[in-house]
Amino acid sequence: MMDSVSSSSATVADKSVKRMQICRAEYRVIGRFVEQLRPTRQCMKTLQTQFPHLPPSTLLSIFSQEYQKRMKRSMARHHAPDVIKEYYQRYRSEAKTRPAAPLLLELANQVDLSPALLARLIVECFLEERQASVGASRHVLNNMLREPYLIPDLLLAKHVEQCTVNDCCYGPLVDCIKHAIGLEHEDLLRDKLRETHLSFLDENQLRAKGYDKTPDIILEVPIAVDGHIVHWIESKASFGDDHSHHTYLNEQFWSYCNRFGPGLVIYWYGFVSELDCQRDRGILLRDGFPSDIVTLCQGPARGRV
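First, a word on scope: everything that follows refers to the structure included in this document. Each chain has its residues counted from 1, running along the sequence as written. Given that this is a predicted model, residues contribute local features only at a pLDDT of at least 70 and side-chain atom pairs are listed and counted only at 80 or more, while totals for whole chains, interfaces and linings are drawn from all residues. Only hydrogens and water are removed before side-chain values are computed, so all heavy atoms of the structure are retained for them.

1. Digging into the overall build of the chain
Piece 1. Counting its regular elements, the chain contains 13 helices and 9 strands.
Piece 2. Residues classed as buried in the chain amount to 51% of the 305 residues present.
Piece 3. Contacts are residue-level and defined by heavy atoms, with any inter-residue pair within 4.5 Å sufficient. Residue pairs at least 24 apart in sequence account for 65% of intrachain contacts in the chain once pairs closer than 6 positions are excluded.
Piece 4. To be clear on the numbers: accessible area is Shrake-Rupley with a 1.4 Å probe, and residue cover counts the displayed protein chains and nothing else. Carbon and sulfur atoms make up 51% of the accessible area of the chain, which totals about 14,700 Å². Here a strand is any run of E in DSSP of at least two residues, a helix any run of H or I of at least four, and the numbering for each starts at the N terminus. Only protein chains enter the accessibility calculation, which uses a 1.4 Å probe. A residue is then buried if its area is under 20% of the maximum for its type, exposed if over 50%, and partly exposed in between.

Here it is, written out as structure tokens:
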């Protein structure tokens, strides 16, 4: 797995000193560039060479989101039954003549499909073949993808593991890393709030009180940031692009505003600057913990951050 993915502590530290917002025009330039890339170790080196002014964590987040959009657009084509059968037959044929080669990684690159997603299709075909065309349960399939040594075919297990380790956008390893990074940034937010002596309730405390859908933080005493009142804070360990931000608006942020009042969203890896246009409607965007906090009782908290 790429250093920029696995070193979550480094990305947190990096974002604490370097803020990142880019305009929509520059984001489109990056989006067009990543269309030619695959989710491999080399792609991050290429991105850092092309856009050296951006932090690796920001570039990885942008690439991951754009790549997932690309996969969703092509999903129907890759999941056609005749196409899946062709992929499986190609793999089995190559495995007989070149067993030591990274066959699934090569095939994924050739057909422009995520290695982890291709591995899932191949393992599913393998299980159906072994079980006389009876589809494998999702539980069995997921366990084999998480723990490839459970796959009875040792060669296939090795190739599946290669896909899991080398895919920076999909797969069980990436899911675990993303979850850990999200929790780490939530911990960072809580630490910053404590350093600033702000009283708050976090998501777990709110759920214990019976709330079903809440932001990460609700402040017990509202604050002002850049002249705007803030009642709640949401932490996002990702880059805020148009698609993801508008999805969050509709599924989370507007609901939070209606229930708890205006709030603050922190995109730790930056965001498209034009998206910070809803301040008058109660949503403020930042790419790090704010240093210009004003409390109702104590005035500016700048000196304590």
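2. Concerning the packing of aromatic side chains
The geometry of an aromatic ring pair is captured by two quantities: the separation of the ring centres and the angle between the planes.
Piece 1. Side-chain rings of Phe, Tyr and Trp (the six-membered ring for Trp) are treated as a pair once their centres are within 6.5 Å; stacked means planes under 30 degrees apart, edge-to-face means over 60, and tilted covers the remaining angles. Applying the stated criterion across every chain, the model contains 9 aromatic pairs.
Piece 2. Summarising the aromatic geometry, the rings of Phe33 and Phe51 are spaced 5.6 Å apart at their centres and angled 90° between planes, so their arrangement reads as edge-to-face. Of this pair, Phe33 sits in helix α3 (residues 24–34) while Phe51 is found in the loop between α4 (41–50) and α5 (56–78), placing the two residues 18 residues apart along the sequence.
Piece 3. Look at Phe33 and you get buried, because its relative accessible area is 15%.
Piece 4. An aromatic cluster is present here, built from Trp232, Tyr248, Phe253 and Tyr256 joined pairwise through their rings.
Piece 5. Throughout this description, the term charge over a ring refers to an Arg CZ or Lys NZ atom that lies within 6 Å of the ring centre and within 35 degrees of the ring normal. In this arrangement the basic side chain of Lys236 is found over the ring face of Tyr248, its NZ or CZ atom lying 3.9 Å from the centre.
Piece 6. Looking at Arg281, its charged tip hangs above the ring of Trp254, at a distance of 4.2 Å from the centre.

3. Remarks on the pattern of salt bridges
Piece 1. Salt bridge, as applied in this entry: a Lys or Arg side-chain nitrogen positioned within 4 Å of an Asp or Glu carboxyl oxygen. Tallied over the entire structure, the rule returns 18 salt bridges.
Piece 2. Residues Asp241 and Lys69 are paired through a salt bridge, measuring 3.0 Å at the closest nitrogen-oxygen approach. A residue pair is termed long-range when its members are at least 10 positions apart, and Asp241 in the loop between β4 (228–236) and α13 (242–260) and Lys69 in helix α5 qualify at 172 residues.
Piece 3. Across the pair Arg259 and Asp212 runs a salt bridge whose closest N-O atoms are separated by 3.7 Å. Taken together, the positions of Arg259 in helix α13 and Asp212 in the loop between α12 (203–208) and β3 (217–225) put the pair 47 residues apart, joining distant regions of the chain.
Piece 4. Residue classification places Arg259 among the partly exposed residues on the basis of a relative accessible area of 37%.
Piece 5. Within the structure, one salt-bridge network assembled from shared partners comprises Arg38, Arg70 and Asp112.

4. Some points on the packing of helix α7 (residues 103–111) against helix α8 (residues 115–130)
Piece 1. For helices, the fitted line uses only the C-alpha atoms of the stretch in contact; every axis is such a line through C-alpha atoms, and the angle between N-to-C directions lies from 0 to 180 degrees. Running from N to C, α7 and α8 cross one another at 115°; their axes reach a closest spacing of 9 Å. In terms of their interaxial angle, α7 and α8 are classed as roughly perpendicular. Crossing handedness for the pair α7 and α8: right-handed. Residues Leu104, Leu105, Leu107 and Ala108 of α7 pack against Pro115, Leu118, Ala119 and Ile122 of α8.
Piece 2. The residue makeup of the contact of α7 with α8, split by class, is 8 nonpolar, no polar and no charged. Here roughly perpendicular refers to angles of 65 to 115 degrees, roughly parallel to angles under 35, roughly antiparallel to angles over 145, and oblique to all remaining angles. Crossing handedness is defined as follows: a turn of the near helix away from the far one that is anticlockwise and smaller than a right angle gives a left-handed crossing, while the clockwise case is right-handed. Polarity classes work like this: nonpolar for Ala, Val, Leu, Ile, Met, Phe, Trp, Tyr, Cys and Pro, charged for Asp, Glu, Lys and Arg, and polar for all others, with Gly in that last group.

5. Some words on the environment of Met71
Piece 1. Note that Met71 resides in helix α5.
Piece 2. In sequence terms Met71 and Asp112 are 41 residues apart; their C-alpha atoms lie 8.6 Å from each other.
Piece 3. When near neighbours in sequence (up to four residues on either side) are disregarded, Met71 contacts Asp112, Leu113, Ser114, Leu117 and Tyr170.

6. So, the nonpolar core
Piece 1. Definition used in this section: a nonpolar core is a set of buried Ala, Val, Leu, Ile, Met, Phe, Trp, Tyr and Cys residues joined via side-chain atoms within 4.5 Å. Counting 70 residues, the largest nonpolar core has Leu47, Phe63 and Leu104 as the members making the most contacts within it.
Piece 2. Counting residues per element, this core draws most heavily on α8, at 10 residues.
Piece 3. Discounting residues that sit within four places of it in the chain, Leu104 has contacts with Tyr91, Leu118, Ala119, Ile122, Leu156, His159, Val160 and Cys163.
Piece 4. Among the nonpolar cores identified, the runner-up in size contains 20 residues, and Val230, Tyr269, Leu284 and Ile293 belong to it.

7. Description of the packing of α8 against helix α9 (residues 138–146)
Piece 1. Contact geometry for α8 and α9: axes closest at 10 Å, N-to-C directions at 125°. The pairing of α8 with α9 is recorded here as oblique in orientation. For the pair α8 and α9, the crossing hand works out as right-handed. Contact residues: Ala119, Arg120, Val123, Glu124 and Leu127 in α8; Arg138, Val140, Leu141, Asn142, Met144 and Leu145 in α9.
Piece 2. Its residues assigned to classes, the contact of α8 with α9 shows 7 nonpolar, 1 polar and 3 charged.

8. Brief notes about the environment of Arg32
Piece 1. Within the secondary structure, Arg32 is located in helix α3.
Piece 2. Arg32 sits 34 residues away from Glu66 along the chain, and the two C-alpha atoms are 9.4 Å apart.

9. Structural notes on helix α10 (residues 154–166)
Piece 1. Relative to the 18 Å expected for 13 residues at 1.5 Å per residue, α10 spans 18 Å between its end C-alpha atoms, a close match to the ideal helical length.
Piece 2. Along α10, the residues classified as buried are Leu156, Ala157, His159, Val160, Cys163 and Thr164. Around the axis of α10, the buried residues are gathered within 165° of arc, so they sit on the same side.
Piece 3. Each element contacted by the buried residues of α10 is listed here: α6 (81–97), α7, α8, α9 and α11 (172–195).
Piece 4. Polar contact is the term for a pair of N or O atoms within 3.5 Å; when the atoms are in protein, one must be able to donate a hydrogen and the other to accept it, and sequence-neighboring residues count only if both atoms are side-chain atoms. N-capping of α10 is provided by Asp153, with a side-chain oxygen placed 3.0 Å from the backbone N of Leu155. Every helix has an expected span of 1.5 Å times one less than the residues it contains. Working definition: the arc comes from the directions between the helix axis and the C-beta atoms, pointing outward to the latter.

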